[in-house]
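One-letter residues, chain by chain:
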Amino acid sequence: MGPTPHIAVIGGGSTGAGIARDLAMRGLDVTLVEQGNLTHGTTGRMHGLLHSGGRYAVSDQASATECIEENRVLRDIASHCVEMTGGLFVKRPEDSEEYFQKKLSGCEECGIPAEVVSGEEARAMEPHLAKDIDKAISVPDGAIDPFRLVVANAASAQEHGARIETHSKVTDLLVESGEVVGIEVEHDSGPGKRVHGTEGGTEQIRADYVVNATGAWAGRIGDMAGLDIEVRPSKGVMTIMNIRQVDTVINRCRPKGDADIVVPHETTAILGTTDEEVEDPEDYPEEQWEVDMMIDTLSELIPMLDEARTIRSFWGVRPLYEPPDVGSDDPTDITRDFFLLDHDERDDLPGMTSIVGGKFTTYRMMGEQIADHVCGKFGIDADCRTADEPLPGSEDFSVLRDYMDEFGLRSPIGRRSVERLGSRADEVLKTDGPNPTVCECEGVTRAEIQDAIEGSGSDLNAVRIRTRASMGNCQGGFCSHRMASELHSEYDEPVVREAWDELLQERWKGQRHALWGEQLSQAALNYALHATTQNRDQDPADGDPVDFSAFDSGRGQTGGSVDSADVAADGGTNGY
Amino acid sequence: MSLPTEGQMAIESEVLVIGGGLGGLTSALAAAREGADVRLVSYKQSTLRQASGLVDVLGYTPDGDGPLTDPYEAIPSLPAEHPYRKVGVGTVRDAMALFDDAVPTYEGEHTDTNALLPTHGGSIKPTARYPAGASAGLASDTRDTLLVGIEEMVDFDAPHVAAHLDATGVPFDVRGETIRFPGDLRADAKVTRYAKLLDTNSEVAVRGRMVPAREALAQRVNPLLEDEQRVGFPAILGDDNPGAIRDSLSDHLGVDVFEVPMGPPSLPGLRLEDALFSALDEAGASIETGNPVVDFEGEDRIEKVFIEKNGAKIPNSADQYVLATGGFVGKGVESDREGVYEPVFDCHVPHAADRYDWFDGELFGDHEFARYGVATDDDLRPLDASDDSEFENLRAAGSVLGGYDFAAEKSGSGVSIATGYAAGQRAAQEAR
């Protein structure tokens, strides 16, 4: 065997991170590049459902079977990212009995454990379900944190020697003699961890093979080499409630439809979703009717949603793909299956494969197939180990010890820290100094923030997705300056200020879709805290210099325009 | 809900003020000092505990010009719907004089010029009045400064605040140091715990020796002090005895000591609330807290309001009423997906029909919601959709008023004091 092949993986979502981990574990050299943070694209904008496969048990049984297989694998290798909530497919009186029976038999055919429960039993499990529901099918759906999962995959890849570059946008594919030989990237702040204010630059990364795992952005990468990759991005809204109205995944048992799922996720419940084809995965309308539809339609299943508080909404873009000859008009008809496009076979351009379509739950399986494909190119015979080796955080971790006492944390906070960190709890929480809570809504302590900063540079949004800090009710109102201060132990003030502003802007973006009732009151309070109490909207550090000598310097002190205009002339600096 | 009301004698007063924040308290105080028989009812904790305790009048114009050196000078050119324009600049000055008289622990009345104070985030903000405890921290004072943070306290990171202050261009050198607070407070102790320890000056163990808390705190800071002539702490220096605590620390350290105002829960805000309640009590008003106004009777005039208490609706009647229930933050203005409303009297709140017009896409953009509240005539009577007064004996004060963005202008306290003063005084005069 020759020298170790170097593979460039484009895309830091679940697929890209899964591929990078798999290839790195098989001993290949890997560089993963991502234009934003890890999960920046579709992965960071999903409802967090770990599919049992039940949703596809009627329409797409191949996908359903893959889902239940991978559901079992992820419970094992990613236990610290998964909460096995269980799921229900709930039938209302007006929903079709025939479809209910098809769902049940479909689950059986695909090997998905499914059981019919009466309306009464379902309401005993989930008391906020509507009184008039008929019955339900219970399935092993779960909730999964996509951020933690991808960060853990990237960390594992790194442990196996991979290079991970976030905030590095691919600007070109390097093509020589009719073959892809690498990529050109623009680093936002230089290679390595992101640090605000660090000068960026272009880098050419030569590679023996390139994997395009950019999902809805795959067409853009293809364009750089004149390839036509017909991804059909389809947007869906997700609306986040401030509490968990349900502790079980609630699906509406009817054929495809909008607004038919509620996923309990950490401290929240996420309502989803819509399915609308869009032209541009980065620029599409986010509309009021979509949010209203989530609340109005899902209130048929869970009436209290109508009056409940939402904290934000976000949209994700599915990277749907169908072979050009199918020609579905409706995006809901496009398969959820994934496709591996070898551009040598397909377009006579060797050196690159694109992976498109697919679903989050089967990310690992997609990574395995791509890794097999790449290894095949280089005649490497190495087994895939990603289904057996737990991710960092899920290693050998079966008993929740009494961490509360051990780390001096109040019990709910200690419990949540440990749930998030899994087997890394010891390593992260054992600190010398006091470990106060930085984010009260989500129970995130200083030690976790510091651990996340170590992994993500000066990027507070990257700290956010690693820890959930600022993702609760107050949406950063109370904790964003605290998170900024935590950065200051490592980074200079101007870097901190830039990162802080960026976090505030990001938190505002999704809240705009929740601005009525309680959350509008919350937004008004946050505005008052940031603008009135902290004066961040008129911060002189960001604006014009202030003539301090023109203001009150205290009773009987020098300075102040009223009684000592002459002192103001020397800038007030000689007052003492 | 139908609650028993029959047979209840109404609790009577000349002026009934609904709301216990800065607007309501000033309003009740102004009415009481005018000689009226005043009753104040408030439901929830006021938003003062969330405010820094600084009393601003006007820091920036609605166009964002500023920081303004003279807040009064800018008032006549504010938009016509601004509450300051309704009451006029003379009333603003009179109202501030009432405040100065009622709350002697505040400073800044010696000049019309705004002061700039450091904030706990590290920026500076313009304000007209400040607690005595903050006065040694003015940013136009050129003395070099040491800021001291507490390791366990995530809201005030002294090295970060110092570096940020330096970036605002303050005319002095500033440095931040972090200490462990003496005594065994747990990592997530609330500010009130620190304050209590300093208030009682209880002894804490320092290297096996028992030392009073104030002295122990000073001992931690002393070795860190270089040539600085003043030391700033986060606002935790006592709830009951802040002056004595500062003096004591100052004696031990040999330099002036000040507090940097903080976010919620804010001790300076709570101290201000206490001071105003005491002043109101002294002025002879009757005060009832903890119960909401849930209903009222009356068409053109409010005849009575009903306060829910222990499951019963207690009628309260007055000749004149003041609505000082707060804005969105205090829940004096509420909203749902369909619109914005005032929940007590259902006074008209002008607002855009489409809720996506209520806010701006930018975090600190021009948010319409920030200016939502009741519109009034020049006598502060809320107006309905046809610009007629809703009730002839109702006035509104404080952030339930619309037409201004207190957060952008840094005018929240001043508007509450000025409109509270005007509404209370006029209500009292009319009730005579």
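Residues numbered from 1 in each chain as written. Chains lettered and ligands numbered in written order. Predicted model: local features only at pLDDT ≥ 70, side-chain atom pairs only at ≥ 80, totals over all residues. Heavy atoms only, no water.

> Would you mind going over the domain arrangement of chain A with me for this structure?
Quoted interface sizes are often the accessible area lost when the parts come together. All names here are of chain A. Split by domain assignment, chain A resolves into domain 1 (6-41 + 147-230 + 336-377), domain 2 (83-143 + 233-318) and domain 3 (403-538). For domain 1 and domain 3, the distance between their C-alpha centroids amounts to 30 Å. Taken together, the contacts link twelve residues of domain 1 with 18 residues of domain 3. A buried area of about 1300 Å², summed over both sides, lies between domain 1 and domain 3, and 55% of it is on carbon and sulfur atoms. It is F147, R148 and H196 that lose the most area in domain 1 upon contact with domain 3, and together they represent 46% of the buried surface on that side. Inspection of the domain 1/domain 3 interface yields two salt bridges. Connecting domain 1 to domain 3 are seven residue pairs in polar contact (both at pLDDT 80 or more). Here the side of domain 1 that touches domain 3 is built from residues that sort into four nonpolar, five polar and three charged. (Domains from an automatic or database assignment. Contact = heavy atoms within 4.5 Å. Buried area = accessible area lost by both parts, 1.4 Å probe. Salt bridge = Lys/Arg side-chain N within 4 Å of Asp/Glu carboxyl O. Polar contact = N/O pair within 3.5 Å; in protein donor to acceptor, adjacent residues only side chain to side chain. Nonpolar A, V, L, I, M, F, W, Y, C, P; charged D, E, K, R; others polar.)

> Hey, could you run me through the sheet that holds strand β3 (residues 49-50) of chain A in this one?
Paired through backbone hydrogen bonds, the strands of a sheet run either parallel or antiparallel to each other. Read across the open sheet, the three strands follow the order β3-β8-β4 (chain A); overall the sheet is antiparallel. Of all the strands in the sheet, just β3 and β4 (82-83) of chain A have a single pairing partner and so form its edges. (Pairing = 2+ DSSP bridges. Helix = DSSP H or I, 4+ residues; strand = E, 2+ residues; numbered from the N terminus.)

> Honestly, the packing of helix α1 (residues 14-25) of chain A against helix α9 (residues 363-377) of chain A in this entry has me stumped. Any pointers?
A pair of packed helices is characterised by two quantities: the angle between their axes and the separation of those axes. Residue and element names in this part refer to chain A. One can describe the packing of α1 onto α9 by two numbers: an axis separation of 8 Å at closest approach and a directional angle of 50 degrees. Our classification of the angle between α1 and α9 gives oblique. In this structure, the crossing between α1 and α9 has a hand that is right-handed. Contacts between α1 and α9 pair S14, T15, G18, I19, D22 and L23 from the former with Y363, M366, G367, E368, I370, A371 and V374 from the latter. Its residues placed into classes, the contact of α1 with α9 shows seven nonpolar, four polar and two charged. (Axes fitted to C-alpha atoms, helices over the stretch in contact; angles between N-to-C directions. Parallel < 35°, antiparallel > 145°, perpendicular 65-115°, else oblique. Left-handed = near helix turned anticlockwise from the far one by under 90°.)

> What is the right way to look at the sheet that holds strand β9 (residues 163-165) of chain A in this model?
Residue and element names in this part refer to chain A. Read from one edge to the other, the open sheet built from six strands follows the order β9-β2-β1-β13-β21-β20, with strand pairing classed as mixed. Strand pairing shows two members of the sheet lacking a second neighbour, β9 and β20 (338-342), which therefore form its edges. Between one strand axis and the next, the sheet turns by 15 degrees as a mean value, whatever way the strands run. Here strand β13 (residues 209-212) pairs with strand β21 (residues 352-357) via three bridges, running parallel. Within β21, the residue paired with N212 across the bridge is S354.

> I keep staring at the nonpolar core and nothing clicks. Help me out?
The nonpolar side chains of a soluble globular protein tend to be buried, and buried together. Residue and element names in this part refer to chain B. Counting residues in hydrophobic clusters, the biggest one holds 143 residues, and the most contacted among them are F345 and F369. For this core, the element with the highest residue contribution is helix α11 (residues 412-431), accounting for nine residues. In contact with F345, not counting residues within four places along its chain, are I18, F296, I302, V305, L323, F391 and L394. With 54 residues, the next largest nonpolar core counts I124, F156, V170 and V211 among its residues. (Core = buried A, V, L, I, M, F, W, Y, C linked by side-chain atoms within 4.5 Å. Buried < 20%, exposed > 50% of the residue type's maximum accessible area, 1.4 Å probe, protein only.)

> Just to check I follow, could you spell out the UniProt feature "domain: BFD-like [2Fe-2S]-binding" (unreviewed entry) in chain A for this structure?
Taken from the UniProt record, the annotation "domain: BFD-like [2Fe-2S]-binding" (unreviewed entry) applies to residues 438-483 of chain A. Across residues 438-483 of chain A, helical content stands at 50% and strand content at 9%; the span's end C-alpha atoms are separated by 7 Å. (UniProt positions renumbered as here; feature names shortened; annotations may be inferred.)

> Sorry if this is basic, but what is going on with the interface of chain B and chain A here?
Taken together, the 77 residues of chain B in the interface contact 72 residues of chain A. Taken over both partners, the interface formed by chain B and chain A buries close to 6600 Å², and the fraction arising from carbon and sulfur atoms is 60%. Counting the surface chain B buries against chain A, the share from its top three residues, V154, R337 and F364 of chain B, is 12%. Run the count over chain B and chain A and you get eight salt bridges. The shortest N-O distance in the salt bridge between D306 of chain A and R337 of chain B comes to 3.3 Å. Between chain B and chain A we count 31 residue pairs in polar contact (both at pLDDT 80 or more) in total.

> Please explain the packing of aromatic side chains as it appears in this structure.
The geometry of an aromatic ring pair is captured by two quantities: the separation of the ring centres and the angle between the planes. Summed over all chains, the structure comprises 13 aromatic pairs over all chains. Pairing Y527 of chain A with F369 of chain B gives two aromatic rings, centres 6.2 Å apart and planes at 70 degrees, and the pair type is edge-to-face. Of this pair, Y527 of chain A sits in helix α17 (residues 517-533) while F369 of chain B sits in the loop between β18 (340-341) and β19 (394-396), which puts the two residues in different chains. You can call F369 of chain B buried: its relative accessible area is 2%. An aromatic cluster is defined as three or more aromatic residues linked by ring pairs; in this entry it consists of W508 of chain A together with Y356 and F359 of chain B. (Phe/Tyr/Trp six-rings, centres within 6.5 Å; stacked < 30°, edge-to-face > 60°.)

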